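# Topology and contacts: notes
Here are the chains, one letter per residue:
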Amino acid sequence: MSRAARTEAPVEADLLDPRRNPDLTGHDEAERLLLEAWSSGRLPHAWLIGGAPGIGKATLAFRFARFVLAQGGEPAAGLFGDAAPPSSLRIDPGHPVFRRVASGGHADLLTVERQRDEKRDRLKRDIAVDDVRKIGPFLRRTSAEGGWRIAVIDGADRMNLSGLNAILKILEEPPPGALLLLVSDNPGGMLPTIRSRCRKLTLKPLPEDTVVKLLESHRPDVAAEDRAALARLSEGSIGRAIELADAGGLALYREMVGLLSSLPRLDIVAAHAFGDKLTRKQDDGMYETATGLLVWWLARFARSLARGAWPAEVVAGEAALMTRLAHARGLERWVEVWEKVQRLFARAESANLDRKQVVLNALATLEAAAA
């Protein structure tokens, strides 16, 4: 369900929390489509909002939910039906609806998302089916404030089959005055019967200059050169860019590229030092960040090799590294390496393998391919 209730007004530290973020940048077309659907008086009862992680999907969903809840009922019309339609979904942070949504206390809004695993101090892999099953009764009850009842599923692709079937039953017989907003990083992985019953809205990654400006606003302490590198590294995701900035991801990426630049003969001393750094107990998140960046780099390298053109460098020396590796092996071999490293990290997570050894094995896989 929703996060712990907060009663104070939104503050700067929480502005990127979708429930508390009053702004949306770079998705004007998506906002326009939602406004048109609302103003038409024939609002679809279910929307599937898809796109890459961290680009603003949940922010848009809660922005739309606040807007609909603030309207109270159907679109307003003048005496002769000539009232000007609203031009924005934005609700002032001081509005009572905004405050109640931000605190998790609006009676007509239900949020379902992955819960935190307290033992492992991370989000659980899936959304609990019991949480999903609460949506049906919630949407069928009488509105507490005389308007719409809205359910937001943040991470809808994280529902298991039982959860998906529970949602399908709602979509087959949608209650009147109910709105279901499904937010998904991978809409294609959901049941076709669910996708066909939702109005689909796909958000595009943000332009690099937009991510740079948002970083300047939300992380002003990051150097201008680093903001540009983070924008490129995040591939249009402000959420990812901030996550990497906070986790020291850019420094890790520079170190990783420097380590790979010693290929085809890996610097063993440097590789061991890198593995030690990633597996220190006090830096638990560093391992996930670095291994994710390695998988991302290999996928980016393989895609670029297939296209026959190297991407713009995040850090200096990447193009030379990719050129050298491409001369060593062809595309098919590097795709195999990417798949093998990805499987290795996934198996390490499920089997609780020694993390340093896993990192060294992944680097050895690259060394063998580059030799």
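What counts and what doesn't
Residues numbered from 1 in each chain as written. Predicted model: local features only at pLDDT ≥ 70, side-chain atom pairs only at ≥ 80, totals over all residues. Heavy atoms only, no water. Pairing = 2+ DSSP bridges. Helix = DSSP H or I, 4+ residues; strand = E, 2+ residues; numbered from the N terminus. Axes fitted to C-alpha atoms, helices over the stretch in contact; angles between N-to-C directions. Buried < 20%, exposed > 50% of the residue type's maximum accessible area, 1.4 Å probe, protein only. Polar contact = N/O pair within 3.5 Å; in protein donor to acceptor, adjacent residues only side chain to side chain. Salt bridge = Lys/Arg side-chain N within 4 Å of Asp/Glu carboxyl O. Core = buried A, V, L, I, M, F, W, Y, C linked by side-chain atoms within 4.5 Å. Contact = heavy atoms within 4.5 Å. Right-handed = clockwise from strand over helix to strand, strands pointing away. Parallel < 35°, antiparallel > 145°, perpendicular 65-115°, else oblique. Left-handed = near helix turned anticlockwise from the far one by under 90°. Phe/Tyr/Trp six-rings, centres within 6.5 Å; stacked < 30°, edge-to-face > 60°. Expected span 1.5 Å × (residues − 1).

## Looking at the sheet that holds strand E5 (residues 149-154)
Strand order in this open sheet of 5 strands is E2-E5-E6-E1-E7, and the pairing throughout is parallel. The open sheet terminates on both sides in strands that have one partner only, identified here as strand E2 (109-113) and strand E7 (199-202). The sheet shows a mean angle of 15° between the axes of neighbouring strands, direction not considered. Here E5 pairs with strand E6 (residues 178-184) via 6 bridges, running parallel. Within the sheet, the bridge partner assigned to Val152 lies in E6 and is Leu181.

## Looking at the side chain of Glu113
Inspection of the secondary structure assignment puts Glu113 in strand E2. The exposure class of Glu113 is buried, given its relative accessible area of 8%. A polar contact is formed between the side chain of Glu113 and the side chain of Arg19, at a distance of 2.9 Å.

## Regarding the pattern of salt bridges
Counted by the stated rule, this structure contains 20 salt bridges. Arg90 is the salt-bridge partner of Asp23, the closest N and O atoms lying 3.6 Å from each other. Of the two residues, Asp23 is situated in the segment before helix H1 (28-39) and Arg90 in the loop between helix H2 (57-71) and helix H3 (96-103); the sequence distance between them amounts to 67 residues. For Asp23, a relative accessible area of 42% corresponds to the partly exposed category. In this structure, Glu36 engages Arg32 in a salt bridge whose closest nitrogen and oxygen atoms are separated by 2.4 Å. Highlighted residues: Glu36 and Arg32, both in helix H1, separated by 4 residues, approximately one helical turn. For Arg32, a relative accessible area of 34% corresponds to the partly exposed category. Each of Asp17, Arg19 and Glu113 takes part in salt bridges that share partners, so that together they form one network.

## Focus: the environment of Pro174
In this fold, Pro174 is placed in the loop between helix H6 (161-172) and E6. You can call Pro174 partly exposed: its relative accessible area is 34%. Taking the C-alpha atoms as reference, Pro174 lies 50 Å from Met256; in sequence the two are 82 residues apart.

## Thoughts on the nonpolar core
Judged by nonpolar contacts, the single largest core of 54 residues is most densely connected at Tyr253, Met256, Leu260, Leu294, Trp297 and Val341. Sequence-distant contacts of Tyr253, defined by excluding residues within four places in its chain, comprise Leu233, Leu293, Trp296, Trp297, Arg300, Val314, Val315 and Glu318. Listed in part, the 31 residues of the second largest apolar core include Ala37, Trp47, Ile150 and Leu203.

## Quick look at the pairing of E6
Among the 7 residues of E6, 7 are classified as buried, and the element is accordingly described as predominantly covered. Burial along E6 is two-sided: Ala178, Leu180, Leu182 and Ser184 and Leu179, Leu181 and Val183, pointing in opposite directions, are all buried. Relative to E6, strand E1 (residues 46-50) is paired through 5 bridges, and the arrangement is parallel. Within E6, the residue paired with Gly50 across the bridge is Ser184. This β-α-β element, E5 to H6 to E6, shows right-handed connectivity.

## Side note on the packing of helix H8 (residues 208-218) against helix H9 (residues 224-233)
Helix-helix packing is described using two parameters, namely the angle between the two axes and the distance between the axes. At a closest axis distance of 9 Å, the pairing of H8 and H9 adopts a crossing angle of 130°. Here H8 lies oblique to H9, going by the angle between them. For H8 against H9, the interelement crossing comes out right-handed. Two secondary-structure elements touch here, H8 through Glu208, Val211, Val212, Leu215 and Glu216 and H9 through Arg227, Ala228, Leu230, Ala231 and Arg232.

## What about the packing of aromatic side chains?
The final tally for this structure, using the stated rule, is 8 aromatic pairs. Between Trp297 and Phe301, the ring centres sit 5.5 Å apart and the planes meet at 25°, which makes this aromatic pair stacked. Note that Trp297 and Phe301 are positioned in helix H13 (residues 284-307) at a spacing of 4 residues, about one turn of the helix. The buried category is assigned to Phe301, whose relative accessible area is 0%. An aromatic cluster is built from Trp38, Trp47, Phe64, Phe67 and Trp148, whose rings are joined through pairwise contacts.

## Here's the deal with helix H16 (residues 355-370)
Between the first and last C-alpha of H16 there are 23 Å, a value that for 16 residues agrees with the 22 Å anticipated at 1.5 Å per step. Within H16, the full set of buried residues consists of Val358, Val359, Leu360, Ala362, Leu363, Thr365, Leu366, Ala369 and Ala370. Capping the start of H16 is the job of one residue whose side-chain oxygen sits 3.4 Å from the backbone nitrogen of Lys356: Asp354.

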